[in-house]
Amino acid sequence: MRSIDEITSTALARSAEARAGPLFVVAQGDLIGRDSVSIGAFDLITPDAWSCESKLDGFVAQARGNEVLWSLEVTPASVSFSPGPGSPTAISGYRAPISSAGSLLFDAGEGSEAIAIRLDQEPCDERMTGTIFGWSAKVTFKDHAFTGCAWRGTAGP
């Protein structure tokens, strides 16, 4: 696994926009004493789109894409996928993911409402907002593939 410094510098170098001001990091890690942390995997790095009040609990993972503004939320109870504005949201029961070599694979719904989700632990740069996510996402729904970025919540594996 690459270090957060390497991932951050690589992801920031990919972006053409100049970033002024602080960057906010949401990451997994351990406290060391009272005033230090050891950071493992990061979930997102952003200049302004997130804050300390952003929702991280109650869900396993969330993802979104820019090309058609799709969104996904996986909770311990259900999977909700919206393929875009004005489209009905597909909701199905939660099934635990399969973990495979830095990826999480979810399978939800059945028949014409089947949703296949693949989250890969790799930097994903959302250029529209300047946010760098720790996961890329691919969702397949009704024979269409949706790609975007994802982040993990505190309720997941």
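Residues numbered from 1 in each chain as written. Predicted model: local features only at pLDDT ≥ 70, side-chain atom pairs only at ≥ 80, totals over all residues. Heavy atoms only, no water.

Participant: Quick one: what's the story with a nonpolar patch on the surface, residue by residue and with numbers?
Facilitator: A cluster of nonpolar side chains, namely Leu31, Val37 and Ile39, defines an oily patch on the protein surface of about 310 Å² accessible area. Its location among the elements puts Ile39 in strand S2 (residues 36-46). A residue is classified by how much of its surface remains accessible, and Ile39, at 41% relative accessible area, is partly exposed. (Patch = residues over 30% accessible without salt bridge, like charges linked within 9 Å, V, L, I, M, F, W, Y side chains within 5 Å. Areas by Shrake-Rupley, 256 points an atom, 1.4 Å probe, with all protein chains shown as cover. Salt bridge = Lys/Arg side-chain N within 4 Å of Asp/Glu carboxyl O. Helix = DSSP H or I, 4+ residues; strand = E, 2+ residues; numbered from the N terminus. Buried < 20%, exposed > 50% of the residue type's maximum accessible area, 1.4 Å probe, protein only.)

Participant: Quick rundown of the confidence of the model for the protein? Include the residues and the values.
Facilitator: Here the protein averages 79 in pLDDT, and 70% of its residues register 70 or above. Below a pLDDT of 50 lies the segment residues 14-18, which in the model reaches eight contacts outside its immediate sequence neighbourhood of four places, other chains included. (pLDDT = per-residue confidence, 0-100. Contact = heavy atoms within 4.5 Å.)

Participant: Could you give me a rundown of the side chain of Ser136, with the residues and numbers involved?
Facilitator: Within the element layout of this structure, Ser136 appears in strand S12 (residues 135-141). Owing to a relative accessible area of 11%, Ser136 belongs among the buried residues under this scheme. Of note is the side chain of Ser136, whose polar atom sits 2.8 Å from the side chain of Glu122. The contact partners of Ser136, leaving out residues within four places of it in the chain, are Arg118, Leu119, Asp120, Glu122, Cys124, Gly148 and Cys149. (Polar contact = N/O pair within 3.5 Å; in protein donor to acceptor, adjacent residues only side chain to side chain.)

Participant: An account of the pairing of strand S3 (residues 61-64) is needed here, citing residue identities and associated values.
Facilitator: Relative to strand S4 (residues 71-74), S3 runs antiparallel, the two being bridged by four bridges. Across the sheet, Ala63 pairs through a bridge with Leu72, a residue of S4. In sequence, S3 turns back onto S4 through a hairpin of six residues, with Leu69 there showing a positive phi of about 55 degrees. (Pairing = 2+ DSSP bridges.)

Participant: Give a description of the state of the cysteines that names residues and reports values.
Facilitator: Applying the stated criterion across every chain yields a total of one disulfide. Residue pairing for Cys124: its cysteine sulfur links by disulfide to Cys149, the two sulfurs lying 2.0 Å apart. Between Cys124 and Cys149, the S-S torsion sits near -70 degrees, and that sign places the bridge as left-handed. A residue pair is termed long-range when its members are at least 10 positions apart, and Cys124 in strand S10 (residues 124-126) and Cys149 in strand S13 (residues 144-152) qualify at 25 residues. (Disulfide = S-S within 2.5 Å.)

Participant: Account for the nonpolar core, naming residues and giving values.
Facilitator: Of all hydrophobic cores here, the largest spans 21 residues; its most connected members are Trp70, Leu72, Phe81, Ile115, Ile117, Leu119 and Val139. Listed by contribution, the elements that provide at least two residues to this core are S3, S4, strand S5 (78-82), strand S8 (103-108), strand S9 (115-120), S12 and S13. Considering each element in turn, this core owes the most residues, four residues, to S12. The residues contacting Trp70, other than those within four sequence positions of it, are Ala63, Arg64, Gly65, Phe81, Ser82, Pro83, Gly84, Ala137, Val139, Phe146, Thr147 and Gly148. By size, the runner-up hydrophobic cluster in this structure holds five residues, among which are Phe59, Phe133, Cys149 and Trp151. (Core = buried A, V, L, I, M, F, W, Y, C linked by side-chain atoms within 4.5 Å.)

Participant: Please provide a residue-by-residue account of the pairing of S4, values included.
Facilitator: Only one face of S4 is buried, namely the one carrying Leu72 and Val74, since none of Ser71 and Glu73 on the opposite face is buried. One ladder, built from four bridges, connects S4 with S5; its direction is antiparallel. Its bridge partner being in S5, Ser71 is matched across the sheet by Ser82. Linking two consecutive strands that pair antiparallel, namely S4 and S5, is a turn of three residues.

Participant: I'd like a description of unusual backbone geometry, backed by residues and values.
Facilitator: Its identity is not glycine, yet Leu69 carries a phi of approximately 55 degrees, on the positive side. The topology assignment puts Leu69 in the loop between S3 and S4. Unusually for a residue other than glycine, Lys142 sits at a positive phi of about 50 degrees. We classify Lys142 as partly exposed; its relative accessible area is 44%.

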